[in-house]
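Inside the fold
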Amino acid sequence: MKHEQSGAAISADVLSGSAQKDVYQSWSKYIARVRDRCVALQGLLEKTGNDQFKNDDAIRAAFNELAKKYEDTDGGGHDRRAR
């Protein structure tokens, strides 16, 4: 996405340019949060699989904590927090 954006000539005088910039920034934030969530999930999955991660209650608690930190977006991928 960053590569494609680099060629865009955005002018503040053009409404579509301003809107495109807003969409780009919103999606950049969203993608960064998805990446961070995947990294956190990867760590839990590796620990769960490789170390037999304690017991079922500890596994459930770890994933519940992850769910508290990373809230799912509503359907369609729109994230109101990105603004």
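Counting starts from 1 at the beginning of each chain's written sequence and moves along it residue by residue. The predicted nature of this model means local features are confined to residues of pLDDT at least 70 and side-chain atom pairs, given and counted, to a pLDDT of 80 or more, with totals for whole chains, interfaces and linings taken over all residues. Side-chain measures were taken over the full set of non-hydrogen atoms in the model, leaving aside hydrogen atoms and water.

**Considerations on the pattern of salt bridges**
In plain terms, the rule: Note on definitions: salt bridges are taken to be side-chain nitrogens of Lys or Arg within 4 Å of carboxyl oxygens of Asp or Glu.
Taken as a whole and judged by the stated rule, the model has three salt bridges. A salt bridge links Asp36 to Arg35; the shortest N-O distance between them is 3.6 Å.

**Quick word on the confidence of the model for the protein**
Put simply, the rule reads: The pLDDT value expresses, per residue, how confident the predictor is, ranging between 0 and 100. Only runs of H or I of at least four residues qualify as helices and only runs of E of at least two qualify as strands under DSSP, and these elements are numbered from the N terminus.
Per-residue pLDDT for the protein averages 76, and the proportion of residues at 70 or more is 66%. Confidence scores differ between elements of the protein, with helix α1 (residues 2-6) showing the lowest mean pLDDT of 64 and helix α2 (residues 15-51) the highest of 86.

**Remarks on the packing of aromatic side chains**
Quick reminder of the rule: Stacked, tilted and edge-to-face are the three classes applied to pairs of Phe, Tyr and Trp rings, where Trp contributes its six-membered ring and a pair requires centres within 6.5 Å; stacked means planes under 30 degrees apart, edge-to-face means over 60, and tilted covers the rest. Working definition: with a 1.4 Å probe on protein chains only, accessible area under 20% of the residue-type maximum means buried, over 50% means exposed, and in between means partly exposed.
Scanning all chains against the criterion turns up one aromatic pair. Plain terms: the ring middles of Trp27 and Tyr30 are 5.1 Å apart, the flat faces sit at 80° to each other, and that makes the pair edge-to-face. Of this pair, Trp27 and Tyr30 are both found in helix α2, three residues apart, which corresponds to roughly one turn of the helix. Residue Trp27 is classed as partly exposed on the basis of its relative accessible area, which comes to 39%.

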